[in-house]
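Coordinates in review
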Amino acid sequence: MAASIADHASSTQNHPPATLPQIETAPNVRRLTTNDLREALRRGWDDFTAMPSHAIVLCIIYPVLGVALARATLGYSVLPLLFPLAAGFALVGPFAALGLYELSRRRERGENPSVWDATSVLRAPSFGAMLGLGVLLLTLFVIWVATAQAIYVATFGYAPAATIPDFLGRVLTTREGFWLIAIGCGAGFLFALVALCISMIAFPLMLDRHAGVTDAMLTSLRVVAKNPVVAAQWGLIVAVLLVLGSLPAFVGLAVVLPLLGHATWHLYRRAVEPAARSYQMPPPPAKGRRYAADFPAALFPWGRDRH
């Protein structure tokens, strides 16, 4: 009986259960300065200029999605939500840039990544955690758009703004418009603050060290708490660039999103001390030869190893 227990313990040590790799200890966060932000943006721009086609292919879908969402939300009366939609990209942008983090990570290691390398994030052990945090940010985005719409209706009612001059006249020359700006910017600030605190460096950390969503969010909160002024500056930079990129019908986001995505990776490198050991991405699954006789059983790979 004792020998059986010893054999079982030895087997458990030699063959530990398959679990998602987690960061063993809380990463040490660094003190950041404005120079770190400038350097992150500079290196992000270098990555973008070295891989422009990759970044545009990855991010062109988001401007198209923004325009489609704007048209679907209010039909012909999309003007009141154009600014909330543009500002809302700050909420979902960290998740949208997952592929860009991977490209920057590979280029940092001296590789010459292609656009297909960005899809390797789908095989990351922590992809489920990244997806979970992405869903949380998307939920914040939806709530923010609904809140902005409710603020506009409470201020101006349901009457649509037919033209851009009409809309700007309401917002910039009336008392109601000033209240709309004040309340809307205040509410948007709160949403952006929550998103910044929980995701400032969370996604790069999950990609780099395969951390869980809780560890990643807590580390991001620690970075913000240690560097509140620099974090506020970064949030302002992100907001301004996203608004500027959204002005020409969201087309500018095809440049702004890649720049911010690559820069976020380099900001993560400056905010968190390197890990004691390197975390490697799992290799792609081997593709064996397929035979016509295997169809349709080949469509159900989980049943192949039962015999």
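This one's a predicted model, so the numbers in the text were calculated from it and none came from an experiment.

1. Notes on the overall build of the protein
When its secondary structure is counted, the protein shows 13 helices and zero strands. Traced from its N-terminal end to its C-terminal end, the protein shows the element sequence α-α-α-α-α-α-α-α-α-α-α-α-α. Counting across all 307 residues of the protein, residues that qualify as buried make up 40%. About 17,000 Å² of surface is accessible on the protein, with carbon and sulfur atoms providing 67% of the total.

2. Looking at unusual backbone geometry
For residues that are not glycine, phi is negative in most cases, and the peptide bond is trans in most cases. For His210, which is not glycine, the phi dihedral falls at a positive 55°. Note on His210: relative accessible area 4%, which makes it buried.

3. A few points about the packing of aromatic side chains
Scanning the entire structure with this criterion turns up five aromatic pairs. Look at Trp45 and Phe48: their rings are 5.4 Å apart centre to centre, the planes differ by 45°, and that puts the pair in the tilted class. Of this pair, Trp45 and Phe48 both sit in helix H2 (residues 34–50), three residues apart, which is roughly one turn of that helix. Taking relative accessible area as the criterion, Phe48 reaches 7% and is therefore assigned buried. Where Trp144 meets Phe191, the ring centres are 5.7 Å apart and the plane angle is 50°; that geometry is what we call tilted. Within this pair, whereas Trp144 is found in helix H7 (residues 127–156), its partner Phe191 is found in helix H9 (residues 175–199), the two being separated by 47 residues in sequence. As far as the burial class goes, Trp144 and Phe191 line up, both buried.

4. Re the packing of H2 against helix H13 (residues 253–271)
Two elements in contact, H2 and H13, have axes whose closest approach is 7 Å; the angle formed by their N-to-C orientations is 125°. If you check the angle between H2 and H13, you find them oblique. Between H2 and H13 the crossing geometry is right-handed. Counted together, Asp36, Leu37, Glu39, Ala40, Leu41, Arg43, Gly44, Trp45, Asp47 and Phe48 of H2 and Ala254, Val255, Pro258, Leu259, His262, Ala263, His266, Leu267 and Arg270 of H13 form the full contact between these two elements. For the contact of H2 with H13, the per-class residue count stands at 11 nonpolar, three polar and five charged.

5. What to know about the environment of Arg107
Within the element layout of this structure, Arg107 appears in helix H6 (residues 98–108). As for Arg107 and Ala50, which are separated by 57 residues in sequence, their C-alpha atoms are 9.4 Å apart. Not counting the four nearest positions on each side in its chain, Arg107 is found in contact with Asp46, Asp47, Ala50, Met51 and Pro113.

About the cut-offs
- Residues numbered from 1 in each chain as written.
- Predicted model: local features only at pLDDT ≥ 70, side-chain atom pairs only at ≥ 80, totals over all residues.
- Heavy atoms only, no water.
- Helix = DSSP H or I, 4+ residues; strand = E, 2+ residues; numbered from the N terminus.
- Buried < 20%, exposed > 50% of the residue type's maximum accessible area, 1.4 Å probe, protein only.
- Areas by Shrake-Rupley, 256 points an atom, 1.4 Å probe, with all protein chains shown as cover.
- Phe/Tyr/Trp six-rings, centres within 6.5 Å; stacked < 30°, edge-to-face > 60°.
- Axes fitted to C-alpha atoms, helices over the stretch in contact; angles between N-to-C directions.
- Parallel < 35°, antiparallel > 145°, perpendicular 65-115°, else oblique.
- Left-handed = near helix turned anticlockwise from the far one by under 90°.
- Contact = heavy atoms within 4.5 Å.
- Nonpolar A, V, L, I, M, F, W, Y, C, P; charged D, E, K, R; others polar.

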